[in-house]
Structures are given as C-alpha cells and as structure tokens.
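Per-entry structural report
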Amino acid sequence: MKEKKKAGAIGGRVWTSIILFGLIGQIAWVVENMYFSRFMQNEITRAPYATTLMVAFSAIFATLSTLIGGALCDRTGKRKLFICWGYVVWGFTIMMFALVPMKPSADKVLPMVILVVAMDCVMSVIGSISNDAAFNTWVTDISNTANRARVDTVLAIMPLFALAVVFGGFDSLTNASATTDDWKTFFLILGIIPSAGGLIGLFLMKDKPGITPNRNHSFLSDFTYSLQPKVIKQNKMLYICLAGNMVSAIAYQIYVNYLFNIVEGTMGIANYIIPVGIIMVVSAVISVIVSAAMDKHGKKHFYYPTVIAGVAGCVIVWASKFLIGKNETALIAMLIFGGILIIGVSLVMAGLFTASYRDYIPKGKEGLFQGCRMVMYVLVPMIIGPLVAQTIINAANKGVADADIVYPMELFLGAAAVMLFCFIPAKIVRDRQPEYHDELMKQIDG
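Residues numbered from 1 in each chain as written. Predicted model: local features only at pLDDT ≥ 70, side-chain atom pairs only at ≥ 80, totals over all residues. Heavy atoms only, no water.

What to know about the overall build of the protein chain
What counts here: Each helix is a run of H or I in the DSSP string that is no shorter than four residues. Each strand is a run of E no shorter than two, and both are numbered from the N terminus. Using a 1.4 Å probe on the protein chains alone, a residue whose accessible area is under 20% of its type maximum counts as buried, one over 50% counts as exposed, and one in between counts as partly exposed. Note that accessible areas follow from Shrake-Rupley with a 1.4 Å probe, and for residues the cover is restricted to the protein chains shown.
A tally of regular secondary structure across the protein chain gives 17 helices and zero strands. Expressed as a percentage of its 446 residues, the buried residues of the protein chain come to 53%. As displayed, the protein chain has an accessible area near 19600 Å², and 68% of this comes from carbon and sulfur atoms.

Concerning the nonpolar core
We count it as follows: Here, nonpolar core means buried Ala, Val, Leu, Ile, Met, Phe, Trp, Tyr and Cys residues that are tied together by side-chain atoms lying within 4.5 Å of each other. Note on contacts: a residue pair qualifies if any of its non-hydrogen atoms lie within 4.5 Å across the two residues.
Counting 120 residues, the largest nonpolar core has F39, F186, F187, L238, F369, L411 and F412 as its most contacted members. Broken down by element, this core gets its largest block of residues, 14 residues, from helix α2 (residues 12–44). Setting aside residues up to four positions removed in sequence, F369 forms contacts with Y225, S226, V231, N235, L238, Y239, Y357, I361 and P362.

Description of helix α10 (residues 236–255)
This is how it is decided: Expected span of a helix, by definition, is 1.5 Å for each gap between consecutive residues, and there is one gap fewer than residues.
Between its terminal C-alpha atoms α10 stretches 30 Å, which fits the 28 Å expected from 20 residues at 1.5 Å a residue. Burial runs high along α10: 16 of the 20 residues are buried.

Topic: a nonpolar patch on the surface
Put simply, the rule is: To count toward a patch, a residue needs a relative accessible area over 30% and no salt bridge; like charges are then connected within 9 Å, while nonpolar side chains (Val, Leu, Ile, Met, Phe, Trp, Tyr) are connected within 5 Å. In what follows, salt bridge is the name for a side-chain nitrogen of Lys or Arg lying within 4 Å of a carboxyl oxygen of Asp or Glu.
Together, L53, F57, I60, F61 and L64 make up a nonpolar patch on the protein surface, roughly 400 Å² of accessible area in all. Within the secondary structure, L64 is located in helix α3 (residues 48–76).

Observations concerning unusual backbone geometry
One non-glycine residue, K103, lies in the positive phi region at around 50 degrees. Topologically, K103 is positioned in the loop between α4 (80–95) and α5 (109–142).

Comments concerning the packing of aromatic side chains
Formally: Each pair of aromatic rings taken from Phe, Tyr and Trp, with Trp reduced to its six-membered ring, is defined by centres within 6.5 Å and is described as stacked if the planes are under 30 degrees apart, edge-to-face if over 60, and tilted in the remaining cases. Remark: a charge is flagged as sitting over a ring if the NZ atom of Lys or the CZ atom of Arg is within 6 Å of the ring centre and within 35 degrees of the ring normal.
Enumeration over the complete set of coordinates arrives at 18 aromatic pairs. Taking 4.0 Å as the distance between ring centres and 20 degrees as the angle between the ring planes, the aromatic pair formed by F36 and F97 counts as stacked. Remark: F97 occurs in the loop between α4 and α5 and F36 occurs in helix α2; sequence separation between them is 61 residues. Exposure remark for F97: the relative accessible area of 0% places this residue in the buried category. Taken together, the ring pairs connect F21, W29, Y87, W90, F135 and W138 into an aromatic cluster. The ring of F322 has K321 lying over it, and the distance from NZ or CZ to the ring centre is 5.7 Å.

Structural notes on the pattern of salt bridges
Side-chain pairs of opposite charge can arise whenever the charged atoms involved come near each other. What the rule picks out here adds up to four salt bridges. R79 is paired through a salt bridge with D141; the nearest N and O atoms lie 2.5 Å apart. In this pair, R79 sits in the loop between α3 and α4 while D141 sits in helix α5, placing the two residues 62 residues apart along the sequence. No difference in accessibility class separates R79 from D141, as the two residues are buried. For E410, the salt bridge is made with K321, and the minimal N-O distance between the two is 2.6 Å. Of the two residues, E410 is situated in helix α16 (residues 410–419) and K321 in the loop between α13 (303–319) and α14 (328–359); the sequence distance between them amounts to 89 residues.

So, the packing of α13 against α16
We apply this condition: Between the N-to-C directions of two axes lies an angle of 0 to 180 degrees, each axis being a line fitted to C-alpha atoms and, for a helix, fitted only over the stretch in contact. Put simply, angles under 35 degrees are roughly parallel, angles over 145 are roughly antiparallel, angles from 65 to 115 are roughly perpendicular, and the rest are oblique. Left-handed is the label given to a crossing in which the near helix is rotated counterclockwise from the far helix by less than a right angle, and right-handed is the label when the rotation is clockwise. Residues are grouped as follows: nonpolar covers Ala, Val, Leu, Ile, Met, Phe, Trp, Tyr, Cys and Pro; charged covers Asp, Glu, Lys and Arg; every other residue, Gly included, is treated as polar.
For the pair α13 and α16, interaxial distance at closest approach is 8 Å and the crossing angle is 165 degrees. Taken together, the axes of α13 and α16 lie roughly antiparallel to each other. The two elements α13 and α16 cross, and the hand of that crossing is left-handed. Only E410, F412, L413, A415, A416 and M419 of α16 make contact with α13, whose side of the interface consists of V307, G310, V311, C314, V315, V317 and W318. Its residues assigned to classes, the contact of α13 with α16 comprises 11 nonpolar, one polar and one charged.

Some details on helix α7 (residues 180–204)
One turn of an α-helix holds 3.6 residues; hence residues three or four places apart share an orientation. Taking 1.5 Å per residue as the helical rise, α7 with its 25 residues ought to reach 36 Å, and the 36 Å between its terminal C-alpha atoms agrees with that figure. Along α7, the residues classified as buried are W183, F186, F187, L190, G191, P194, S195, G197, G198, G201 and L204.

Details of the confidence of the model for the protein chain
So the rule is basically this: As a per-residue measure, pLDDT reflects the predictor's confidence and takes values from 0 up to 100.
Per-chain confidence: the protein chain averages 81 in pLDDT, with 86% of residues scoring 70 or above. Predicted confidence is poor over residues 1–5, with pLDDT under 50, and the contacts of this stretch with residues over four places away or in other chains come to six contacts.

A closer look at the packing of α4 against α5
Where α4 contacts α5, the two axes come as close as 9 Å, and the packing angle between them is 155 degrees. Judged by the inter-axis angle, α4 sits roughly antiparallel to α5. The handedness of the crossing between α4 and α5 comes out as left-handed. Residues F82, I83, G86, Y87, V89, W90, T93 and I94 of α4 form the contact with α5, whose own contacting residues are V122, M123, I126, G127, I129, S130, N131, A134, F135 and W138.

Description of the environment of V276
Inspection of the secondary structure assignment puts V276 in helix α12 (residues 273–297). Separated by 56 residues in sequence, V276 and I332 place their C-alpha atoms 9.7 Å apart.

Describing the side chain of S65
With respect to the secondary-structure elements, S65 resides in helix α3. When its relative accessible area of 5% is taken as the criterion, S65 is described as buried. Residue contacts for S65: discarding those within four places in its chain leaves V125, S128 and I129.

Some points on the side chain of S128
In this fold, S128 is placed in helix α5. We classify S128 as buried; its relative accessible area is 0%. Ignoring sequence-local partners within four residues, the contact set of S128 consists of W29, A62, S65, T66, A133 and M374.

A word on the environment of C241
With respect to the helices and strands, C241 occurs in helix α10. Its relative accessible area of 0% is what places C241 among the buried residues. Considered as a pair, C241 and F353 are 112 residues apart in the sequence and their alpha carbons are 5.0 Å apart.

Here it is, written out as structure tokens:
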C-alpha cells in the first residue's frame, strides 16, 4: 500500500499548476462556448445562421489547432512555453472583443458576423494550442496510472467551478439589459484572468525533467499521426478508451444545450438556481470521492456501475415528466437525484476513460495523441449530439410553430439510449485494465 501511495504522490506545486491552469482554461472556454453566442445573438443578430457558423468553425479550428499544437509539443520537447505564453495571448484575444462595434445597422450585420466568427476562431486556435494540446500533454507527463483517475476527475469538475465563477460573478454584465460598456467590462475582466494566469505560470509551472525533442518524422507526419490507420491499429486500446468517452459525450450533448430551458420552461420550476446548484456541488464532491476510490482499488470495478448510473439518471429525470404540474416537491426531488447521477457520471467518465487513454499513450508521443482526443471527445460529440437532440425536438413538436416549441423530456430518454452503447468499450477496457494496470505499476515502482 505504501508503494502505491508513493507512486501516485503529486506535489503541492504540481497540484497548484493543475488546478490553476485547469480552472482558468475552463473559465476562458465558458466565455467562448456560452457567452460569445449570447454576444452574437444579443448584440449583433439573432438570426440562427450566425450562431451556427460560429459554433461550427470554432469546433473545426479548435480540432486542427490541437493536432498542430500536440505535434509542436513533441517536436520541441516543451509544454510550459506553449501553456504560459499561450494563456497570456489567449486572454488578449478575449479582450479584443471589447472593440467589436455592437448593434450594427442592417447593412453592416453580415460584416460584423464575419468579424466575430473570425475572432472566435482566433481565440479557439490559441486556446486549443495552449490548453487542449500543451496543457493536456503536460498533465499526461506529470501523472501516471496510480493517480490519473484522480487528476482527470479534478480536471473534469473544473468546468463546473468555471461556470460558477463566470455565471455568478459576471452574468449580469451580459443579460438583456446590458449596455455596450457592460459587455466591454465583461470581456476585459474575463480576458485579464487567463493572461494573469499565464504570467503566474511562468514562475510556478515546470516541465517534467527529461523530456527531449522528438523530430524523427516530418511535421506533416506528426500532424496526422494519431489519425493514421496504422497508428490506430497499433494502439487499439487507446482509441477504445476514447470511444467510451465519445459515446458518453454524445449522450451529454443531447440534453446539455437545452438543460436550463427544460428545467425552467418544460418542468416549470421557476426558482431553479437552488436545485441546479445542489446538483452541481454534490456531483463534484461525489466524483472526487469516486476518483480517489478508483485510484485506490483500480478502475476495473467502476466501468459498469458508472454506465448503469448514467442510464438510470437519465431515465429518472425523464420519468419526472409525469409529476409536472402535479407535485413540485417530488418533481424537484427527482430532478436533483437524477441530475446528480447524470452530471456525476459525466465527470467520473473522465476519471475512467480519459485516465485509461493516457495510460495507453506510448512514451514520447504524448503530444501527438492530443488531436485524436479532440476529434473523438469534442468534434464528433458536438456534431452528433445536437443532431440527435434536434431530431427528438422536431418529432415532439411536429406541426408546432417555432415560437411555441417545447424542449421535451424525451431528450433524456435519448441520452439514456445512447449511453447504453458505453457498455461495449467499457467491457473491452475493463477486461484489459487489471493486467495493464499492474504492468504500469511495476514500471513506476521499478
């Protein structure tokens, strides 16, 4: 037992770097994923094509940038440089939004849409290189199979804390009554945060000793490395782990974009802040406790229970539809219980499949395998999940005018159905996990 504890020990300085850059990175992504769309809709145009363009191009540029950034990390043997200075520049790309002319006249809407989309793409490029590529490569470097479930679960709850920071502290600057000066203040403050974090990181963070540049292949080969058929064949378990995370992320994307509208509109819970807050806090606490248990007892015992809990949570929230308008107390209780399961499972999945994926990354290829993670964990789910959701919404609102559309509880049933497919990669990874875990532990202890 003492050997395992020693093998999984992480120093305070490293934990500070993990939490600092994990939280600040997610604060920046909350601004990009939620508030850039709100900015476009409230201050430029409410036409849906504008938001669609922004989301699509951002996802594409983020994925390509992660592939490039991962290759650069391995070819240079550096992570800290890309992380710290990347965060500094990342902050400036957010601050630049304060300069965008708002409330344009009709003839200037399209140019402003193009400008905002282009600026969002620039922001996504810098963020993906510094956070998705370099920071994730650094996390792979400094962690090992004895602590990765704990590390990845801590990182998985960072979006919740980031959302609390941005929503709780600055949302009033972006609501319907927000002025041009409010929006400028919002972008300036939220831009200063990652820039300041990057400067702090220059003195706090350290690359793992012994990392050497790897230029054995051309840059083009490195760029496409993780997507090459022969590489996929040689590292099948790595991609199976990513597939498990991908399926879970698709299920999550089916309902998450409509979550607040479902709770407030469909379920009719006007004061939803308290139950949603309970869900987020309890989910985060449970996920950390479970991740510690995974590191202590091995991940093998947690795959099936986690998938079952996720499916059950979705079914419970869906079933609460039968209490709408009848018993609000019971309705809220079912929402909280089911919500804790589905949100908690989405966090624990990172401790299972992402941590396992890191275990299978070949030594010296840490950066090259960040691109495939982005493709399977971000790009594919963000395309398939919303398409499934749209199909369900259209089926439930057939013949209904756009203004009268109600987001159905069946979105959770659809997510449960997709979640069932997680059993396939879960079984494969689970069957192989103990043998490989013991092998890695021997390498660490040796």
